2 protein chains.
Amino acid sequence: MPSYTPPTEDHLFILHEVLKVQENQEIEGYTDLTPDLTGPVLQEAGKLGAEVLAPLNIVGDGGCTLENGVVRTPEGFKQAFDMLRDGGWTSLACDPDFGGQGLPGILHAAAGEYHSSANMAFMMFSGLTLGAYRTIHAYGTEEQKATYLEKMATCQWTGTMNLTEPHCGTDLGMLRTKAVPQGDGSYKLSGQKIFISSGEHDMAENIVHLVLARTPNAPAGVKGISLFIVPKFLPKEDGAPGARNALSCGKLEEKMGIHGNPTCVMNYDEATGWLLGEENRGLPAMFTMMNHARLDVAGQGLFQAAAAYQVAASYAKDRLQGRAVTGAVAPEKAADPLIVHPDVRRLLLDQKSFVEGARAALLIAAELNDASHRHADPAKRKEADDMLSLLTPVLKGFCTDKGFDMTVQAQQVFGGHGYIREWGMEQFVRDARIAMIYEGANGVQALDLVGRKLAANGGKTLMGFFEAIKGFIKAKAADEELAKDFLDPLKAASKDMQEAAMYFMAEGMKNPNNALSGSSDFMHLFGHVLMGWAWARMAVAARAGLASGEGNAEFYRNKLRTGRYYMSRMLPETGLRLARIRTGAAPVMDLPAEAF
Amino acid sequence: MPSYTPPTEDHLFILHEVLKVQENQEIEGYTDLTPDLTGPVLQEAGKLGAEVLAPLNIVGDGGCTLENGVVRTPEGFKQAFDMLRDGGWTSLACDPDFGGQGLPGILHAAAGEYHSSANMAFMMFSGLTLGAYRTIHAYGTEEQKATYLEKMATCQWTGTMNLTEPHCGTDLGMLRTKAVPQGDGSYKLSGQKIFISSGEHDMAENIVHLVLARTPNAPAGVKGISLFIVPKFLPKEDGAPGARNALSCGKLEEKMGIHGNPTCVMNYDEATGWLLGEENRGLPAMFTMMNHARLDVAGQGLFQAAAAYQVAASYAKDRLQGRAVTGAVAPEKAADPLIVHPDVRRLLLDQKSFVEGARAALLIAAELNDASHRHADPAKRKEADDMLSLLTPVLKGFCTDKGFDMTVQAQQVFGGHGYIREWGMEQFVRDARIAMIYEGANGVQALDLVGRKLAANGGKTLMGFFEAIKGFIKAKAADEELAKDFLDPLKAASKDMQEAAMYFMAEGMKNPNNALSGSSDFMHLFGHVLMGWAWARMAVAARAGLASGEGNAEFYRNKLRTGRYYMSRMLPETGLRLARIRTGAAPVMDLPAEAF
């Protein structure tokens, strides 16, 4: 069974030396984030992940069961969920007015890695609950907030999102679930929803379903969709769960992975619900939930790669097989450890340089998210929100595509043993696979990016991204070694990205398919630039750390070595992506549909 | 459940218009391969694949069982195996002197796609048997040949290869299984072997294990390994299976996929065996089997991608979701089919252009294999053998890496439904994954390629490859449209490959890690050049077909469209691979082992 070690040193480096959160006086609560606070919090979070959640990961792979409408979670999940709840880990960044501890989201993002790396399926229960919490927080009436939020912050009640129906996933305009008003402010919902994660289970006293449905006479398409709160048990006057609502789990899906979380077919049979937000404005409200969920899913891609990498690295240092081509490294043993072989290192460095770069990129996104809510200057809040909105599809698509690939590479280090269940490597692959699909398949992320986000604000946000990189490079250009290893590659990659954007502007006007045919390539190109930037920022911090003569010099040196690997071997992919983008619509659109 | 349609038109195009096998008078048996023969054979093979084997694929995913030492294969496998046997599909290309039909291997390679695409796990039973057949054919005594070959050609008896032990996979020098001579020509073998595919099952009256072991006082390392024939039942005088041998299946591995084939732990407890070939020369003999097996595994990567692609393409044409950005294509319906979306086409064209290119490349390899055995000129036999030996690791690594990626892309087309078992898409992914690992993990293929094959024959074979491409381009250069779309990109890719080879020569001398750090990149670079060449050859044939005014003009046009996709969007990856290769050892080797 794979073990798990929380990468706390890495998080503290990013928080305190790269982002310097503790010096940031503009985002409310950031000056409190001193190492005195972050260190112990991350250590405690890591303990729960390593000692409680990680050992349950392979147990959870055994799956949930459904019997007479009751879903049972895997052995040990209930107790672990109590520990997650009681440790205050779910409410860390929630609103203090509604059961939360009010800490900045960036701390939750860092701590959350340990839990999700340790057990992705398990952490979906609280992850979706917090998504529903945010949606009710943003759109709920005072009464709804009072009824639901505190219980959800603490995961006493959990939450779900109900979008998909058998005939529609991405294209929600076609959904059919009906909501009929009862004249007393409530509605009766009828219909079937599928792929509902945590839709039914035995770990909470109530489950709060957020359900998309149509009211009678609602306009066709996406403009006729409303969002409803549909609890499993109707809350009584005193707030306690009351009568059972007319909804049930009809089936658990048999699936590839995340077996520890029940994926439910949910049947609503005149179930009682209440409108959340305005009628026919359900989709924008759901997207509040969705956008944050996309960042969570980006994290899942990274976190599974991070967990799998650790196990692969440790195996490569232990397993004896073959000899180093430059001469035996462990002549006293029957063979050298795998790690002497360049191609094994290549597999591992692809992973390590992705994991550390993406970790920084996601914390930069978490900082933007905090700024969008907590910055002192409203204009900066808006700016941060716009930037986050641009980066969200990039992070979701890039981190989950690459994250999955990296779990495959980690599995590869094990040879045949990676294919066998007991080592746990193939579970990482199966679990990570879903992240490329849900919360909008990665092709949809790419479409959102190229079709919507690039041109948002008249392209101002995108320009702001380029300007920020340019300004960064200019500010650091005097450091020649930094320039050679980090800034020059970043500049080249950023130039590829600008040329791609220019191509889209010029050729997309003539035919939108010229842009959309390169949408996934652009998402990856953008992702690499973001990673290159994150690495360059880490390199600046590592060089500062070395120059200071304080801290762990070997940590800084290894950070620079890993960064140079990314910049020299991974980042040049931007050129290939640009070349593909420039081929435009013809290669993609020329083949008639019937020839596929 | 996914259905399967044999791509017979594509095979006939490659055989008769690209390779023109029927006109080849130099390879024995090729002039017999007229469409009159190949057409009906492929059609019959396809029927078995589509009607019998494909429906059993998802059944097979349910797995085998082990009870009291008896392994039961999935429901229906036995009857299907009888049909495979009785149809003569296993013995198609075997030696007529020993139960075979003596047809060229290229026909078996083409027909085999249908069976392996339809059911990979099932086809491993006969695949490994034919590997063992070839080894006994090459190294066995007349008596051994007479005892085993005919029964194995027809799969009345099946075969296995026993290499791996718990502590050694790639590094066979460490193996410990012992073989003690009994003075009567037989040996007693004792030890444990793991990962033995088809190690024990209920579909044949005997199982012939080829087992690597050490004789007493054998030299340490790979030079002290011998190969033994160890049958489950000792053959009686009359050739029928006699006494049960002292070997047993101790465990079936729980694994990620290929559940239809039992992966066994095999225990040998003074089991009776006979030396196959010379003492201490077991490894070269096993590599006879292995090299062919590597091409088989390359096929598995391709064939799973081919099968998954079909299902994904058909889903994309059926499933209604969203609208084409350039205006509704099916305004009468609630939505357009998925296939209108550029990014869905991108997913599918990556697959289609890989599948068709790799199919041609593998048939080119099959032709080389036939030439190495059947060419009229012994010098040409040697030349073909050398070339095949160079291409084998490339095809194994490239086709299985890409093949797996393509099953992931096929799964992606299905969105959430791709993650659910019942659609069968996730099984393609799980099954295809093993092909990157077994018969030498792909990193080992890359090592073999760069560390051994490039310099073989003083580099003459590699030069021959470059010369062949150069000659091909020169011969066709007058066709300007062909040059622009196919020859120029091929030339550029081939130049990247030559530069990479030159880099290895210059820098690998200084430090072998300069070459080995780029070994996987080179394997992929080489793979792309091979694919580009295969596509260019298909383009020549398609253009000739169009010019002839005969045949299916739309087939030829679509072939060219698909080829242009590969040449413009896939082939430029060679530039990225070259850039990575040129970074040499430093990025890969700088990080100390303890920092991983």
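Residues numbered from 1 in each chain as written. Chains lettered and ligands numbered in written order. Predicted model: local features only at pLDDT ≥ 70, side-chain atom pairs only at ≥ 80, totals over all residues. Heavy atoms only, no water.

Undergrad: So what's going on with the overall build of chain A? Which residues, and what values?
TA: Looking only at helices and strands, chain A features 19 helices and eleven strands. Over its C-alpha atoms chain A spans a radius of gyration of 24 Å, differing by no more than 12% from the 25 Å that the globule rule assigns to 596 residues. Each principal axis of the C-alpha distribution contributes one length, and for chain A these read about 80 × 60 × 60 Å. Relative to its full complement of 596 residues, chain A shows a buried share of 63%. Across chain A, the fraction of contacts at a sequence separation of at least 24, relative to all contacts at a separation of at least 6, is 73%. Accessible area for chain A stands at about 21000 Å²; split by element, carbon and sulfur atoms hold 52% of it. Charge separation in chain A, taken as the distance between the mean sites of 58 positive and 70 negative side-chain charges, equals 4 Å. (Helix = DSSP H or I, 4+ residues; strand = E, 2+ residues; numbered from the N terminus. Rg over C-alpha atoms; globule rule 2.2 N^0.38 Å. Buried < 20%, exposed > 50% of the residue type's maximum accessible area, 1.4 Å probe, protein only. Contact = heavy atoms within 4.5 Å. Areas by Shrake-Rupley, 256 points an atom, 1.4 Å probe, with all protein chains shown as cover. Lys, Arg positive; Asp, Glu negative; His and termini not counted. Charge placed at Lys NZ, Arg CZ, Asp CG, Glu CD.)

Undergrad: Describe in detail the interface of chain B and chain A, supporting the description with residues and values.
TA: Every contact between the two is made by 89 residues of chain B and, on the other side, 89 residues of chain A. Interface area lost by chain B to chain A is led by Y419, R569 and F596 of chain B, which between them contribute 12%. Between chain B and chain A we count four salt bridges in total. R569 of chain A is the partner of D521 of chain B in a salt bridge, and the nearest nitrogen-oxygen pair spans 2.8 Å. The tally of links from chain B across to chain A stands at 46 residue pairs in polar contact (both at pLDDT 80 or more). Element by element, the count of residues in the side of chain B that touches chain A is highest for helix α17 (residues 553-570) of chain B, at eight residues. Looking at the side of chain B that touches chain A residue by residue, the classes come out as 41 nonpolar, 23 polar and 25 charged. (Buried area = accessible area lost by both parts, 1.4 Å probe. Salt bridge = Lys/Arg side-chain N within 4 Å of Asp/Glu carboxyl O. Polar contact = N/O pair within 3.5 Å; in protein donor to acceptor, adjacent residues only side chain to side chain. Nonpolar A, V, L, I, M, F, W, Y, C, P; charged D, E, K, R; others polar.)

Undergrad: Tell me what's going on with the relation of the copies chain B and chain A, and back it up with residues and numbers.
TA: Relating the two copies of this chain is a rotation about some axis coupled with a shift parallel to it. The two copies are related by a screw operation: chain B maps onto chain A through 180 degrees of rotation and 0.0 Å of translation along the axis, at an RMSD of 0.0 Å. The operation mapping one copy onto its partner corresponds to a two-fold rotation axis. Of every C-alpha in chain B, the one belonging to L576 of chain B sits nearest the axis of rotation, 3.3 Å from it. Comparing interface residues between copies, 100% of those in chain B also lie at the interface in chain A; the contact surface is shared. (Least-squares fit on C-alpha atoms with pLDDT ≥ 70 in both.)

Undergrad: I'd like a rundown of the packing of helix α1 (residues 8-18) of chain A against helix α5 (residues 105-118) of chain A, residues and numbers included.
TA: Residue and element names in this part refer to chain A. In the contact formed by α1 and α5, the axes pass within 11 Å of each other and the chain directions differ by 160 degrees. What the angle tells us is that α1 and α5 run roughly antiparallel. Between α1 and α5 lies a crossing whose hand is right-handed. Contacts between α1 and α5 involve T8, H11 and L15 from the first element and I106, A110, E113 and Y114 from the second. Among the residues making up the contact of α1 with α5, the classes are represented as four nonpolar, two polar and one charged. (Axes fitted to C-alpha atoms, helices over the stretch in contact; angles between N-to-C directions. Parallel < 35°, antiparallel > 145°, perpendicular 65-115°, else oblique. Left-handed = near helix turned anticlockwise from the far one by under 90°.)

Undergrad: Outline helix α9 (residues 342-374) of chain A, supporting the account with residue identities and numerical values.
TA: Helical periodicity: at 3.6 residues per turn, an α-helix aligns residues three or four positions apart in one direction. When the terminal C-alpha atoms of α9 of chain A are compared, their 47 Å separation across 33 residues agrees well with the 48 Å that a helix rising 1.5 Å per residue should span. The element α9 of chain A is extensively covered by neighbouring structure, given that 32 of its 33 residues are classed as buried. (Expected span 1.5 Å × (residues − 1).)

Undergrad: Which residues make up the pairing of strand β7 (residues 226-231) of chain A, and what are the values?
TA: All names here are of chain A. Most of β7 sits inside the fold, with six of its six residues counted as buried. Neither face of β7 is exposed, since S226, F228 and V230 on one face and L227, I229 and P231 on the opposite face are all buried. Pairing geometry for strand β6 (residues 206-213) and β7, over six bridges, is antiparallel. Each residue of the ladder has a partner; that of L210, found in β7, is I229. Taken together, the two bridges between β7 and strand β11 (residues 263-275) define a ladder with antiparallel strand orientation. Of the residues in β11, the one forming a bridge with F228 is L275. (Pairing = 2+ DSSP bridges.)

Undergrad: Go over the domain arrangement of chain A, please, and point to the residues and values.
TA: Residue and element names in this part refer to chain A. Domain assignment breaks chain A into domain 1 (8-138), domain 2 (159-281) and domain 3 (446-590). Here domain 1 and domain 2 have C-alpha centroids that lie 26 Å from each other. If you look at the interface, domain 1 gives 24 residues, while domain 2 gives 24 residues. Summing the contributions of domain 1 and of domain 2, the shared interface buries around 2100 Å²; its carbon and sulfur component is 72%. By the criterion of area lost to domain 2, the three top residues of domain 1 are V71, F125 and L128, representing 27% of everything that side buries. Summed over the shared surface of domain 1 and domain 2, the number is zero salt bridges. Run the count over domain 1 and domain 2 and you get six residue pairs in polar contact (both at pLDDT 80 or more). Where the side of domain 1 that touches domain 2 is concerned, the elements lending two or more residues are β1 (65-67), β2 (70-72), α4 (77-86) and α6 (120-139). The dominant element in the side of domain 1 that touches domain 2, judged by the number of residues it contributes, is α6, at nine residues. Residue classes in the side of domain 1 that touches domain 2 are distributed as 13 nonpolar, seven polar and four charged. (Domains from an automatic or database assignment.)

Undergrad: Before we move on, could you go through the confidence of the model for chain A and cite the residues and values that matter?
TA: Looking at chain A as a whole, the pLDDT averages 97, with 100% of positions reaching at least 70. Listed scores for the predicted complex are pTM 0.98 and ipTM 0.97. (pLDDT = per-residue confidence, 0-100.)

Undergrad: Which residues make up unusual backbone geometry, and what values do they have?
TA: Residues and elements named next belong to chain A. In the Ramachandran plot, K20 falls in the positive-phi region, its phi being about 50 degrees despite a non-glycine side chain. Along the chain, K20 turns up in the loop between α1 and α2 (35-53). Residue classification places K20 among the partly exposed residues on the basis of a relative accessible area of 39%. If you check the backbone angles, S198 has positive phi at about 55 degrees while not being a glycine. Among the structural elements, S198 can be located in the loop between β5 (186-197) and β6. For S198, a relative accessible area of 0% corresponds to the buried category.

Undergrad: So what about the packing of aromatic side chains? Which residues, and what values?
TA: Two aromatic rings are characterised by how far apart their centres lie and by the angle between their planes. Residues and elements named next belong to chain A. In total, this model carries 37 aromatic pairs over all chains according to the counting rule given. Taking 5.9 Å as the distance between ring centres and 80 degrees as the angle between the ring planes, the aromatic pair formed by F81 and F122 counts as edge-to-face. Pair noted here: F81 is in helix α4 and F122 is in helix α6, with a separation of 41 residues, a long-range link. Assessed through its relative accessible area of 0%, F81 is described here as buried. (Phe/Tyr/Trp six-rings, centres within 6.5 Å; stacked < 30°, edge-to-face > 60°.)

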